[in-house]
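Summary of the model geometry
So the chains spell out like this:
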Amino acid sequence: MDETIAEFIKRTILKIPMTEMTTILKAWDFLSENQLQTVNFRQRKESVVQHLVELCEENNASLNDAALLDIICEDVDLFDMKQFKSSFKKVLQRALKNVTVSFRDAEENAVWIRIAWGTQYTKPNQYRPTYVVYYSQTPYAFTSLSTLKSNIPLLGQALTIASKHHEIVKMDLRSRYLDSLKAIVFKQYNQNFETHNSTTPLQERSLGLHVNMDSRIIHENAMEKERVQRVTQETFGDHPQPQLEFAQYKLETKFRNGSILAEREEPLRCLIKFSSPHLLEALKSLAPAGIADAPLSPLLTCIPNKKMNYFKIRDK
Amino acid sequence: MSVLRPLDKLPGLNTATILLVGTEDALLQQLADSMLKEDCASELKVHLARSLPLPANVNRPRIDLIVFVVNLHSKYSLQNTEESLHHVDTSFFLGKVCFLATGAGQENHCIIHRHTVVKLAHTYRSPLLFCDLEVEGFRATMAQRLVRMLQICAGHMPGVSALNLLSLLRSSESPSVEDL
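Residues numbered from 1 in each chain as written. Chains lettered and ligands numbered in written order. Predicted model: local features only at pLDDT ≥ 70, side-chain atom pairs only at ≥ 80, totals over all residues. Heavy atoms only, no water.

As recorded in an unreviewed UniProt entry, chain B goes by Centromere protein M and comes from Prolemur simus. UniProt annotates chain B under Function (unreviewed entry) with the comment "Component of the CENPA-NAC (nucleosome-associated) complex, a complex that plays a central role in assembly of kinetochore proteins, mitotic progression and chromosome segregation. The CENPA-NAC complex recruits the CENPA-CAD (nucleosome distal) complex and may be involved in incorporation of newly synthesized CENPA into centromeres." Of chain B, the UniProt comment under Subunit (unreviewed entry) reads exactly: "Component of the CENPA-NAC complex, at least composed of CENPA, CENPC, CENPH, CENPM, CENPN, CENPT and CENPU. The CENPA-NAC complex interacts with the CENPA-CAD complex, composed of CENPI, CENPK, CENPL, CENPO, CENPP, CENPQ, CENPR and CENPS." (UniProt positions renumbered as here; feature names shortened; annotations may be inferred.)

The name an unreviewed UniProt entry assigns to chain A is Centromere protein N, from the organism Prolemur simus. As its UniProt record puts it under Sequence similarities (unreviewed entry), chain A is described as follows: "Belongs to the CENP-N/CHL4 family."

Here it is, written out as structure tokens:
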């Protein structure tokens, strides 16, 4: 084994805190169980490191192996799935005594959690469980709405403690489609958009409107149409929109036209709800269809950027 | 402020040009297609505009009939029509303008009251037609009607002028506003 590689491995191992040493070495999987057993991890760190480097030499570590160790060390937030699960379960069981918690590991470092809630005196109700998906590499978790209001703070607490964060914040973003929520939250929805300088002319990309071939029909406002297409494309992009069903705006504002209502002291309360099988695509098609002016109100277009679809609007 | 005038150009030989003004391009396009399917001795031209005024410095034929398409489901559509009307010379309103209201069939989506468009048409002394342009059968019938009106307005029907037609339509169809 090269001297430089030995030095590199030595320095890398020195950086690992003793508490994580065995975890990382096991994750690295370069030294065998037997070899690791020969190491006395209670010695002074320098001795441990020395011993480990000797073992690496025995196995003839290559630069690749050293690099792999380095990568594993960089992942300081070494997420321990087992520890998360047990911690989560403990928090709920301590508070409620009667609760059923099940886990299922899924792709992309995601864990699905099913919780059936009971109380101190009643058995858990298996027919109204809550489902949670937690993406361990991110600070986001998604839960189903079937949770009783009283259990929500406890759920939040369990997630916060188990994932070793300080606090949990409820986002004003709801949808039936987990993939769409993920797309918005992880900003994955515009990954199909490859370059800004697309070579297809604007006419062909015209959002499905019938392009007329009959020369007896003349569009007088072709320039305006192009402007609308352009503004729409700038706002929404070329990619398919994530799927949301609602956008809700709770207004507590004063009435603004010149009528009697504007003289009221207190603000008016009003709830506006937009619903659609595919809200964002519908909003995208408003201006090209001639139902609204382009550009649309920023209150509508900010939904994916702000990761919200439930808004509270008050006078400043 | 450019204003459309009915007689500021010479007519094209055997040509009749209609201008459809409305916010929903898809509807206008469909209506135009239906009109052009009609058998007609005159050469038809259909111009589609979202609003008035039309872009200047464009060579276009004389316009014989303007149809303002108002979607009863959309306040934006009505607003657009009201603003566009300011760019039409008064002499157009002697039979060469008509209003077409669409969407009356779906009453629960209508946010413009029927009375509003009736009043608008009455103010401008022009006929008001109702037709759900999204329904193919109704649209075809309306297209036929508009083609005949267009031919009259272009002067291609001997013995009948746009003004004649206007008086005929007024006395038989539109009740006066006081009757409503």
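What follows continues from the structure just given.
Counting its secondary structure elements, chain A contains twelve helices and eight strands. In terms of C-alpha radius of gyration, chain A reaches 29 Å, well past the compact-globule figure of 20 Å for 316 residues. Considering only C-alpha atoms, chain A reaches an extent of 85 × 60 × 40 Å along its principal axes. Within chain A, buried positions represent 36% of all 316 residues. Element-wise, carbon and sulfur atoms account for 53% of the exposed surface of chain A, whose accessible area totals about 20200 Å². Of the side-chain charges in chain A, 41 are positive and 38 negative, and the distance between the mean point of each set is 12 Å. (Helix = DSSP H or I, 4+ residues; strand = E, 2+ residues; numbered from the N terminus. Rg over C-alpha atoms; globule rule 2.2 N^0.38 Å. Buried < 20%, exposed > 50% of the residue type's maximum accessible area, 1.4 Å probe, protein only. Areas by Shrake-Rupley, 256 points an atom, 1.4 Å probe, with all protein chains shown as cover. Lys, Arg positive; Asp, Glu negative; His and termini not counted. Charge placed at Lys NZ, Arg CZ, Asp CG, Glu CD.)

Attention now goes to the environment of Y121 of chain A. Looking at where Y121 of chain A falls in the secondary structure, it is placed in the loop between β2 (110-117) and β3 (130-135). The exposure class of Y121 of chain A is exposed, given its relative accessible area of 78%.

Let us look at the interface of chain B and chain A. Taken together, the 20 residues of chain B in the interface contact 18 residues of chain A. Summing the contributions of chain B and of chain A, the shared interface buries around 1700 Å²; its carbon and sulfur component is 48%. On inspection of chain B and its partner chain A, the count reaches two salt bridges. When the shortest N-O distance is used, the salt bridge between K225 of chain A and D25 of chain B registers 3.2 Å. (Contact = heavy atoms within 4.5 Å. Buried area = accessible area lost by both parts, 1.4 Å probe. Salt bridge = Lys/Arg side-chain N within 4 Å of Asp/Glu carboxyl O.)

Residues and elements named next belong to chain A. Relative orientation of the contacting elements helix α1 (residues 3-15) and helix α5 (residues 63-74) amounts to 15°, with a least axis distance of 10 Å. Judged by the inter-axis angle, α1 sits roughly parallel to α5. In terms of crossing hand, the pair formed by α1 and α5 is left-handed. Residue-level contacts link I5, F8, I9, T12 and I13 of α1 to L63, A66, A67, L69, D70 and C73 of α5. Split into classes, the residues belonging to the contact of α1 with α5 amount to nine nonpolar, one polar and one charged. (Axes fitted to C-alpha atoms, helices over the stretch in contact; angles between N-to-C directions. Parallel < 35°, antiparallel > 145°, perpendicular 65-115°, else oblique. Left-handed = near helix turned anticlockwise from the far one by under 90°. Nonpolar A, V, L, I, M, F, W, Y, C, P; charged D, E, K, R; others polar.)

Our next topic: the confidence of the model for chain A. Residue and element names in this part refer to chain A. Taken over all residues, the pLDDT of chain A has a mean of 83, while the share at 70 or more is 91%. For chain A, per-element mean pLDDT is lowest for helix α2 (residues 18-28), which scores 81, and highest for helix α10 (residues 279-286), which scores 93. A low-confidence stretch, residues 192-209 (pLDDT under 50), is modelled with 18 contacts involving residues beyond four sequence positions or located in other chains. (pLDDT = per-residue confidence, 0-100.)

Residues and elements named next belong to chain A. Read from one edge of the open sheet, three strands run β7-β6-β8, paired in mixed fashion. Lying at the two open borders of the sheet, with one neighbouring strand each, are β7 (268-275) and β8 (310-314). On average, adjacent strands in this sheet sit at an angle of 15° to one another, irrespective of strand direction. (Pairing = 2+ DSSP bridges.)

Once their charged atoms are close, side chains differing in charge can pair, the charge on each being opposite to the other. Residues and elements named next belong to chain A. Summed over the entire model, instances satisfying the criterion amount to twelve salt bridges over all chains. Note that R11 and E7 form a salt bridge whose closest N and O atoms lie 3.0 Å from each other. Of this pair, R11 and E7 both sit in helix α1, four residues apart, which is roughly one turn of the helix. The class of R11 is exposed, set by a relative accessible area of 55%. On the basis of relative accessibility, which here comes to 34%, the residue E7 falls in the partly exposed class. Among the salt bridges present, the one from D105 reaches K85, with a minimum N-O distance of 3.1 Å.

Below, the discussion takes up a positive patch on the surface. Residues and elements named next belong to chain A. Together, K149, K170, K250 and K312 make up a positively charged patch on the protein surface. Its place among the elements puts K312 in strand β8. Judged by relative accessible area, which is 57%, K312 ranks as exposed. (Patch = residues over 30% accessible without salt bridge, like charges linked within 9 Å, V, L, I, M, F, W, Y side chains within 5 Å.)

This part covers the sheet that holds strand β5 (residues 217-219) of chain A. Ordered by their spatial adjacency, six strands build an open sheet running β5(A)-β2(B)-β1(B)-β3(B)-β4(B)-β5(B), and the pairing between neighbours is parallel. Strands with a single pairing partner mark the edges of an open sheet, and in this sheet they are β5 of chain A together with β5 (128-130) of chain B. Along the sheet, successive strands turn relative to each other by an average axial angle of 25°, direction set aside. The sheet contact formed by strand β3 (residues 65-71) of chain B and strand β4 (residues 97-102) of chain B spans six bridges and is parallel. Bridge pairing in β4 of chain B links V67 of chain B to C98 of chain B.

On to the packing of helix α1 (residues 25-37) of chain B against helix α4 (residues 136-153) of chain B. Residue and element names in this part refer to chain B. As a packed pair, α1 and α4 sit with axes 8 Å apart at the nearest point and diverge in direction by 65°. Accordingly, the angle class assigned to the pair α1 and α4 is roughly perpendicular. Between α1 and α4 the crossing geometry is right-handed. When α1 is examined against α4, the residues Q30, L31, S34 and M35 are found in contact with a partner set consisting of R139, A143, L146, V147 and L150. Considering only residue class, the contact of α1 with α4 consists of six nonpolar, two polar and one charged.

The peptide bond linking A294 of chain A to P295 of chain A adopts the cis configuration, its omega dihedral lying at 0°. Inspection of the secondary structure assignment puts P295 of chain A in the loop between α10 and α11 (298-301). A cis amide bond links L52 of chain B with the next residue in sequence, P53 of chain B, at an omega value of 5°. Counting through the fold element by element, P53 of chain B comes out in the loop between β2 (43-49) and β3. Here the phi dihedral of D29 of chain A falls at roughly 60°; this positive angle occurs in a residue that is not glycine. Looking at where D29 of chain A falls in the secondary structure, it is placed in the loop between α2 and α3 (33-37). In this structure D29 of chain A comes out as exposed when scored by relative accessible area, which is 63%. One non-glycine residue, N57 of chain B, adopts positive backbone phi at about 60°. For N57 of chain B, a relative accessible area of 84% gives the class exposed.

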